[in-house]
Amino acid sequence: MKFSDIPGQQTVKEDLRAMADSHRMPHAIMLSGVSGIGKMSLARAFMQYAHCQSPRDGEPCGVCPSCRQHTSFNHPDVHFYFPIVKNKAQKIETSEDRIEEWHKMLNEYPWMPPEQWLDIIDAGNSQPTIYVNDADNIVRADAYSSYTAEYKFFVIWLPEKLQLAAANKLLKVIEEPTEGTVFILVSNNEADVLPTIFSRTRRINVLPPAASEIEAYLLAKRGLDENSAREIARLAQGRISKAEELASHSGERAEFEDRFKEIMRAAYGKSPAKLRAIGDKTAGWGREKLRRFFTYMSAMVRENFIYNLKMPMLSSMTAGEENFSQRFSPFIHHGNVEDLEACIEQASEHVERNGNSKLILFSLFLQIIPLLHKKPS
């Protein structure tokens, strides 16, 4: 990972380069900010730069043995720790037991959307946690010197997920690690990090990149036309992970928009026959696409609720979606917005469990009819 692979963040990049170049590393750094904006990518570029044997123009060279080890997630002086769901039957007790899934995450989803991690580890309704087992492993590993480099890095993704006992066990080692050890904590919600952990770190606030920076990234990396790149960058609201998702299914949003309008018009018109026909053809999309559609439906319910509150500055809809919302949004209000989202979420869960898609969709659509006609509370 190179700094140039990451949109924006010029100030943060300069700060990280200066740390590495000075050879006076803080013992603990916290990169904090909302999810999907490149914090883990910055951490990876920083470590590779610090380990690189021939850095050039503020970038790791990419070809030395150390850089190749970073590219293959095989550097002996880099240790990752992250939230998992324990499973004694499968002998999953520590981060190391999920290392293959972690490498898949880093490789395929470098902007680190947390919901993708939940899918990869099949978390279900469980909440991933960083357990005491990992804290014990960190304390033991810190006692050893680095293998090949000046610095040994411990990266903790989502320190806000540290079990209290695990966090307490790490206090001393984070404050006084062995010589050459650097902790990098990558947080999506610093307010939930244990204050005694937070206070022991040098905090670097990472802000979302500008829409123009995401647009330039999409043009260079995705080969989109300018209009598509500009629209996706606006909808992404600073989250590179969201921009990547939208770019991956760039034609899908328009299809979802048309289907959403079709469903809501039929539901408002109280037409079960039309809704059944819509459900039958929608079921043909398959489970993964249906899950994305349910996510889109939930987003549109929220967007129309916000639009109804007369707060268009918070909107992240396309021009076509906003045009539809001018008439539709009055029907999404305090009296039904939570029930609509709950119904959609339940339908998504049933599809995830391999339920009959046609029945699930038709049941959802029928539930929408009375909710759309419900009066504001």
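Look a little higher up for the structure.
Predicted, not measured: the structure shown is a model, and the values here were computed from it.

1. Things to note about the overall build of the protein chain
If you tally the helices and strands in the protein chain, you get 17 helices and 5 strands. Its C-alpha radius of gyration of 23 Å places the protein chain within 12% of the 21 Å reference for a compact globule of 377 residues. Along the first, second and third principal axes, the C-alpha atoms of the protein chain reach 70 × 50 × 35 Å. Out of the 377 residues belonging to the protein chain, those deemed buried represent 51%. A separation threshold of at least 6 residues defines the contact pool for the protein chain, and within that pool the share at least 24 residues apart is 73%. On the protein chain, roughly 18,100 Å² of surface is accessible, and the fraction owed to carbon and sulfur atoms is 48%.

2. Description of the packing of aromatic side chains
For the structure shown, the criterion picks out 22 aromatic pairs. Relative to Phe-293, the ring of Trp-285 lies with its centre 5.3 Å away and its plane at 80°, an arrangement referred to as edge-to-face. A residue is classified by how much of its surface remains accessible, and Trp-285, at 16% relative accessible area, is buried. We classify Phe-293 as buried; its relative accessible area is 0%. In this structure an aromatic cluster arises from ring pairing among Phe-256, Phe-260, Trp-285, Phe-293, Phe-294, Tyr-296, Phe-324 and Phe-328. If you follow Lys-86 out to its NZ or CZ, it ends over the ring of Tyr-131, 4.7 Å from the centre. Sitting above the plane of the Phe-362 ring, Arg-276 keeps its charged end 4.1 Å from the centroid.

3. Some thoughts on helix 2 (residues 39-51)
For helix 2, built from 13 residues, the straight-helix expectation of 18 Å at 1.5 Å per residue is met to within 8% by its first-to-last C-alpha distance of 19 Å. With 12 of 13 residues buried, helix 2 lies mostly within the body of the structure. All buried positions along helix 2 are accounted for by Lys-39, Met-40, Ser-41, Leu-42, Ala-43, Arg-44, Ala-45, Phe-46, Met-47, Gln-48, Tyr-49 and His-51.

4. Some thoughts on the nonpolar core
Core analysis: the largest hydrophobic core is formed by 58 residues, its most contacted members being Met-40, Phe-46, Phe-80, Trp-102, Trp-157, Ile-184 and Leu-218. At 7 residues, helix 2 tops the list of elements feeding residues into this core. The next biggest cluster of nonpolar side chains, apart from the first, holds 38 residues, and it includes Tyr-296, Tyr-307, Phe-365 and Leu-372.

5. As for the layout of surface pockets
Put simply, the second largest pocket is a space of about 370 Å³. Taken together, 21 residues line the second largest pocket, and the ones lying closest to its centre are Phe-73, Val-78, His-79, Phe-80 and Ile-99. At the level of elements, helix 2, helix 3 (65-71), strand 2 (78-81), helix 4 (99-108) and helix 6 (132-142) are the ones that each hand at least two residues to the lining of the second largest pocket. Top contributing element to the lining of the second largest pocket by residue count: strand 2, with 4 residues. Along the lines of polarity and charge, the residues of the lining of the second largest pocket split into 8 nonpolar, 10 polar and 3 charged.

6. Quick notes on the side chain of Glu-215
Residue position: Glu-215 is located in helix 9 (residues 211-221). Since its relative accessible area comes to 15%, Glu-215 is described here as buried. Once you skip the residues sitting within four places of it in the chain, Glu-215 turns out to touch Glu-226, Ala-229, Arg-230 and Ala-233.

7. Digging into the sheet that holds strand 1 (residues 28-32)
Across a sheet, strands are paired by hydrogen bonds formed along the backbone, either parallel or antiparallel in direction. Strands sit in the order 2-3-4-1-5 across an open sheet of 5 strands; the sheet is parallel. Each having just a single partner strand, strand 2 and strand 5 (202-205) make up the two edges of the open sheet. Geometrically, the sheet is characterised by an average inter-axis angle of 20° between neighbouring strands, direction not taken into account. Pairing between strand 3 (residues 152-157) and strand 4 (residues 181-187): 6 bridges, direction parallel. Residue pairing in the sheet places Phe-154 in a bridge with Phe-183 of strand 4.

8. Re the pattern of salt bridges
Tallied over the full model, the rule gives 25 salt bridges. The residue Glu-288 makes a salt bridge to Arg-291 at a minimum N-O spacing of 3.3 Å. With Glu-288 and Arg-291 both in helix 14 (residues 287-308) and 3 residues apart, this pair spans about one turn of that helix. In this structure Glu-288 comes out as partly exposed when scored by relative accessible area, which is 40%. Salt bridges here are not isolated pairs; linked through shared partners, they connect Asp-119, Arg-287, Glu-288, Arg-291 and Glu-352.

9. Observations concerning the pairing of strand 4
In terms of residue burial, strand 4 counts as a mostly covered element, since 7 of its 7 residues are buried. Here strand 1 runs beside strand 4; their pairing, made up of 5 bridges, is parallel. Its bridge partner lying in strand 4, Met-30 is registered against Leu-185.

10. Details of the state of the cysteines
Tallied over the full model, the rule gives 0 disulfides. With no disulfide of its own, Cys-64 lies closest to Cys-67 among cysteine sulfurs, the gap being 3.6 Å. Exposure remark for Cys-64: the relative accessible area of 7% places this residue in the buried category.

11. Re the side chain of Glu-321
Tracing the backbone shows Glu-321 in helix 15 (residues 319-328). In contact with Glu-321, other than residues within four places in its own chain, are Arg-253, Glu-257, Tyr-296 and Met-300.

12. Some details on unusual backbone geometry
Non-glycine residue Met-112 carries a positive phi angle of around 60°. Here Met-112 is to be found in the loop between helix 4 and helix 5 (114-120). Classification of Met-112 by relative accessible area gives buried; the value is 3%. Positive phi values are uncommon outside glycine, yet Asp-122 reaches one of about 55°. Counting through the fold element by element, Asp-122 comes out in the loop between helix 5 and helix 6.

Cut-offs applied
Residues numbered from 1 in each chain as written. Predicted model: local features only at pLDDT ≥ 70, side-chain atom pairs only at ≥ 80, totals over all residues. Heavy atoms only, no water. Helix = DSSP H or I, 4+ residues; strand = E, 2+ residues; numbered from the N terminus. Rg over C-alpha atoms; globule rule 2.2 N^0.38 Å. Buried < 20%, exposed > 50% of the residue type's maximum accessible area, 1.4 Å probe, protein only. Contact = heavy atoms within 4.5 Å. Areas by Shrake-Rupley, 256 points an atom, 1.4 Å probe, with all protein chains shown as cover. Phe/Tyr/Trp six-rings, centres within 6.5 Å; stacked < 30°, edge-to-face > 60°. Lys NZ or Arg CZ within 6 Å of the ring centre and 35° of its normal. Expected span 1.5 Å × (residues − 1). Core = buried A, V, L, I, M, F, W, Y, C linked by side-chain atoms within 4.5 Å. 1 Å grid on protein atoms, 1.4 Å probe; cavity = no way out; pocket = protein on both sides within 12 Å on 5 of 7 lines; lining within 4 Å. Points joined across faces, edges and corners; volume = space filled by probe spheres on them. Nonpolar A, V, L, I, M, F, W, Y, C, P; charged D, E, K, R; others polar. Pairing = 2+ DSSP bridges. Axes fitted to C-alpha atoms, helices over the stretch in contact; angles between N-to-C directions. Salt bridge = Lys/Arg side-chain N within 4 Å of Asp/Glu carboxyl O. Disulfide = S-S within 2.5 Å.

So far we have only geometry, and geometry alone does not tell us how the molecule works.
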